[in-house]
Amino acid sequence: MIDPDWTGTAITAARPQAVAALLRYFRSLDLAEDAFQDAALRALKTWPVKGPPRDPTAWLIMVGRNAALDYVRRHSKQTELPPEETLSDLDDAEADLVERLDTGDYRDDVLRLLFVCSHPDLPPVHQVTLALRIVCGLSVPQIARAFFTGEKAMEQRITRAKARIAQSDVPYGVPSPAERADRVYAVATMIYLVFNEGYTGNAKETEARAPLCDEAIRLARLLMRLFPAEPEIMGLTALLLLQNSRAAARFDGNGEAVLLDQQDRSLWDQRAIAEGIALIDKAIRHRQPGAFQVQAAIAAIHARAATPDDTDWAQIERLYRTLEQMQPSPVVTLNRAVALAKIDGSQAALDLIAPLAEALDGYYYYHGAVGMFSRQMGDVGAAREAFIRAIACSKTLSEAAHIRRQLDQLAAEFPADRNFSRDV
Amino acid sequence: MHYAILCYDSEEVICAWSKEKDAQVMHDLGAVQDRLVAERKMGPVARLMPTTAAVSLRKGRDTLVLDGPFAETKEQLLGFYTVECDTLDEAIEAAKDLAAASGSAGCFEIRPMMIFIPDRRTP
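Residues numbered from 1 in each chain as written. Chains lettered and ligands numbered in written order. Predicted model: local features only at pLDDT ≥ 70, side-chain atom pairs only at ≥ 80, totals over all residues. Heavy atoms only, no water.

Caption draft 1: Fine view of the overall build of chain B. When helices and strands are counted, chain B shows three helices and six strands. N-terminal to C-terminal, the α/β element order of chain B is β-α-α-β-β-β-β-α-β. C-alpha atoms of chain B, sized along the principal axes, occupy 45 × 35 × 30 Å. Evaluated residue by residue, chain B yields a buried proportion of 37% over its 123 residues. Of the contacts formed within chain B by residues at least 6 apart in sequence, a portion of 77% connects residues at least 24 apart. A total of about 7,800 Å² of accessible surface is found on chain B, and carbon and sulfur atoms cover 56% of it. Positive and negative charge centroids in chain B, built from 14 and 20 side chains respectively, lie 5 Å apart. (Helix = DSSP H or I, 4+ residues; strand = E, 2+ residues; numbered from the N terminus. Buried < 20%, exposed > 50% of the residue type's maximum accessible area, 1.4 Å probe, protein only. Contact = heavy atoms within 4.5 Å. Areas by Shrake-Rupley, 256 points an atom, 1.4 Å probe, with all protein chains shown as cover. Lys, Arg positive; Asp, Glu negative; His and termini not counted. Charge placed at Lys NZ, Arg CZ, Asp CG, Glu CD.)

Caption draft 2: Looking closely at the side chain of Gln293 of chain A. All names here are of chain A. Among the structural elements, Gln293 can be located in helix α14 (residues 291-304). Judged by its relative accessible area of 5%, Gln293 falls in the buried class. With sequence-adjacent residues up to four places away left out, Gln293 is seen in contact with Pro231, Glu232, Gly235, Ile280, Ala283, Ile284 and Gln288.

Caption draft 3: Focus on the pattern of salt bridges. In this structure the tally under the stated criterion is 27 salt bridges over all chains. Taking the shortest distance from any N to any O, the salt bridge between Asp22 of chain B and Arg271 of chain A comes out at 3.3 Å. Residue Asp22 of chain B is found in helix α2 (residues 19-38), and its partner Arg271 of chain A is found in helix α13 (residues 270-284); the two belong to separate chains. The class of Asp22 of chain B is buried, set by a relative accessible area of 9%. Residue Lys41 of chain B is joined to Glu90 of chain B by a salt bridge in which the shortest nitrogen-to-oxygen separation is 3.7 Å. Here the residue Lys41 of chain B occupies a position in the loop between α2 and β2 (42-47), and Glu90 of chain B occupies one in helix α3 (residues 88-102), the gap between them amounting to 49 residues. When salt bridges with common partners are traced through the structure, they connect Arg15, Asp30, Glu33, Arg133 and Lys162 of chain A into a single cluster. (Salt bridge = Lys/Arg side-chain N within 4 Å of Asp/Glu carboxyl O.)

Caption draft 4: Broad picture of unusual backbone geometry. Backbone geometry places Arg287 of chain A, a non-glycine residue, at a positive phi of 55°. Positive phi values are uncommon outside glycine, yet Arg40 of chain B reaches one of about 60°. Tracing the backbone through its elements, the reader meets Arg40 of chain B in the loop between α2 and β2.

Caption draft 5: Just the interface of chain A and chain B, in detail. The interface of chain A with chain B comprises 29 residues on the first partner and 26 residues on the second. Buried surface at the junction of chain A and chain B, both sides included, amounts to about 2,200 Å², of which 57% is carbon and sulfur. Considering only the surface of chain A that becomes buried against chain B, Trp6, Arg225 and Lys282 of chain A emerge as the three largest contributors, covering 24% of it. Where chain A packs against chain B, one counts three salt bridges. Counting the contacts that link chain A with chain B gives four residue pairs in polar contact (both at pLDDT 80 or more). For the side of chain A that touches chain B, the secondary structure elements donating two or more residues are α1 (4-26), α6 (103-117), α11 (203-226), α12 (231-244) and α13 of chain A. The residue makeup of the side of chain A that touches chain B, split by class, is 12 nonpolar, five polar and 12 charged. (Buried area = accessible area lost by both parts, 1.4 Å probe. Polar contact = N/O pair within 3.5 Å; in protein donor to acceptor, adjacent residues only side chain to side chain. Nonpolar A, V, L, I, M, F, W, Y, C, P; charged D, E, K, R; others polar.)

Caption draft 6: Examining the environment of Cys213 of chain A more closely. For Cys213 of chain A, the location among the structural elements is in helix α11. Each residue touching Cys213 of chain A, except ones within four places of it in the same chain, is listed here: Phe195, Gly198, Tyr199 and Asn244 of chain A.

Caption draft 7: Highlighting the pairing of strand β3 (residues 55-58) of chain B. Residues and elements named next belong to chain B. Pairing of β3 with strand β4 (residues 64-67) involves four bridges; the strand directions are antiparallel. If you follow Leu57 over to β4, its bridge partner there is Val65. Hairpin connection from β3 to β4: five residues lie between these consecutive antiparallel strands. (Pairing = 2+ DSSP bridges.)

Caption draft 8: Focus on the packing of aromatic side chains. Residues and elements named next belong to chain A. With the rule as written, the count across this model stands at seven aromatic pairs over all chains. On the basis of an interplanar angle of 65° and a centroid distance of 5.6 Å, the ring pair of Tyr192 and Phe292 is categorised as edge-to-face. On the criterion of sequence distance, the pair formed by Tyr192 in helix α10 (residues 177-199) and Phe292 in helix α14 is long-range, its members being 100 residues apart. Note on Tyr363 and Tyr365: the rings are 5.7 Å apart at their centroids and 55° apart in plane angle, and the pair reads as tilted. (Phe/Tyr/Trp six-rings, centres within 6.5 Å; stacked < 30°, edge-to-face > 60°.)

Caption draft 9: Focus on the packing of α10 of chain A against α12 of chain A. Residues and elements named next belong to chain A. Orientation of α10 relative to α12, taken along the N-to-C sense of each, is 5°, at an axis distance of 11 Å. Regarding the angle of α10 to α12, the classification is roughly parallel. Touching Val184, Tyr185, Ala188, Ile191, Tyr192, Phe195 and Tyr199 of α10 are Glu232, Ile233, Leu236, Leu239, Leu240, Gln243 and Asn244, all from α12. Of the residues that constitute the contact of α10 with α12, the class distribution is 11 nonpolar, two polar and one charged. (Axes fitted to C-alpha atoms, helices over the stretch in contact; angles between N-to-C directions. Parallel < 35°, antiparallel > 145°, perpendicular 65-115°, else oblique.)

Caption draft 10: Representation of the nonpolar core. All names here are of chain A. The biggest cluster of nonpolar side chains holds 130 residues, and the ones touching the most others in it are Leu60, Leu114, Leu132, Ile191, Leu223 and Leu240. For this core, the leading source of residues is α1, giving 12 residues. Listed in part, the 15 residues of the second largest apolar core include Leu340, Leu352, Ala369 and Val370. (Core = buried A, V, L, I, M, F, W, Y, C linked by side-chain atoms within 4.5 Å.)

Caption draft 11: Focus on the environment of Asp67 of chain B. Within the secondary structure layout, Asp67 of chain B lies in strand β4. Taking the C-alpha atoms as reference points, Asp67 of chain B and Lys21 of chain B, separated by 46 residues in sequence, lie 29 Å from one another. With residues near it in sequence (within four places) discarded, Asp67 of chain B still touches Pro228, Ala229, Met234, Lys282 and His286 of chain A together with Ala54, Val55 and Ser56 of chain B. Polar side-chain contacts of Asp67 of chain B include one of 2.6 Å to the side chain of His286 of chain A.

Caption draft 12: Molecular detail of the packing of α10 of chain A against α11 of chain A. All names here are of chain A. Here α10 crosses α11 at 160°, and the two axes come no closer than 6 Å. Judged by the inter-axis angle, α10 sits roughly antiparallel to α11. Of the two possible hands of crossing, α10 and α11 adopt the one that is left-handed. Seen from α10, the contacting residues are Val184, Val187, Ala188, Ile191, Val194, Phe195, Glu197, Gly198 and Tyr199; seen from α11, they are Thr206, Arg209, Leu212, Cys213, Ala216, Leu219, Ala220 and Leu223. Residue classes in the contact of α10 with α11 are distributed as 13 nonpolar, two polar and two charged. (Left-handed = near helix turned anticlockwise from the far one by under 90°.)

Caption draft 13: Examining the sheet that holds strand β6 (residues 107-112) of chain B more closely. Residue and element names in this part refer to chain B. An order of β2-β5-β1-β6 is seen for the four strands of this open sheet, with the pairing classed as antiparallel. Two strands in the sheet have a free side with no partner beyond their single neighbour: β2 and β6. On average, each strand axis in the sheet is tilted by 20° relative to the strand beside it, whichever way the strands run. Pairing geometry for β2 and strand β5 (residues 76-84), over four bridges, is antiparallel. Residue pairing across strands places Met42 opposite Val83, the latter belonging to β5. On top of the sheet, α2 reaches β2 and β5; it is set at about 165° to β2, its chief contact.

Written out as structure tokens, the structure is:
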């Protein structure tokens, strides 16, 4: 006897492949979604009674396709429906379909579906929303809750995004290897966006958005199963697993953010860490470095350190240097400076980031870092100035509160400094 | 006789479990394992990471390390139990209890073991 949950889980697991195949048949996201919905409802009724089909995905595609064909026929010709028996007698048809749908078909179908959701015409937040709705199958209220918007507004956003897709050219042909590689990277970036949507924000927001992190990891696993020899996809999955492993330690009981070196490492999810490390170890063997792999390798070094003092900062600094070459960005350099400070001291870090002052002028973390390095150098005036700037740039109350504590500590360390008589 | 109970199921479905569902299944399986331990039948148990985390070593004159196994099949080897039972029937009974607790579809393969070295590591 199967667990009643089993049907639900099997439907969820089959969803990306089934919707993707239905999209290829009908070339309409709405029709593909409705067809899948219909098939899922029939599965919920049939499977617990008749037992699960040999291939749940093929069953859902078959039933969904027939249901949607009915719908199309009804609305185009108003002709009579085929008898129900032709639908329910699926055994041979299913086997036939499994024969025809080899892995290659599935792979390009699912990639197309993911790629449609990562369409460059869509703003990033719409990409994320569409992927959550169509690929992951989250309900509109679930997504609305994660984005703190009303259901109606979310419904409209999804409708608009779908309309945009319908107008653009969705490539239904078999992609060339180069096109396939481009799509894989567009999709990987979109998956990372989904994760970041779930990972950013304060404690309360993060709680509501945690499902987005889980969905992003599921999508990354899906992509990795489709392209199991792509080191960057291993890197992406490793990165998400390693970052998410710290979820339970990121906020304290009052909802205040806890910095990496102050986190209670016993709260880190060791299972996720072990898998993340296994994946990055495997990816590195390919010797095709990429930005996701480098970031995952950095996260893995933090994850391997039993205490903050065990962190291999020299290796982290080298990895950030590599990342700087791959994706030059002042933020990456700022991160390298934090590692450099641990090896060569705060002055070296300050020298490294001095040229970034203009580029990162509005960036909270830049001023926070300058404040921290200056304080370590005993330059109270510069530290104070930088911390005040950081508060001005803070986007959340908890960021501002964190810097205020830094200022309080500074005042306690250097009580003679008369500048502290002024309120901040 | 020592038997290996090899657990096959769809990785895709297992990876779609929520954390709560996963914890519940592990808890239920743990209860059966505890009973088998009390009956002194239970040997080492392993749950494997997804096949996507694995590499394969092709044997030959030059060994070759490859990604995978690439799953061509619908079900993957997800883990195994080892049990020591007097008869195959007894091993099948143990597997049946574990299967009921797992609440999942998939398949258990019960394979007699030729060599069994529980732990060669020195403490």
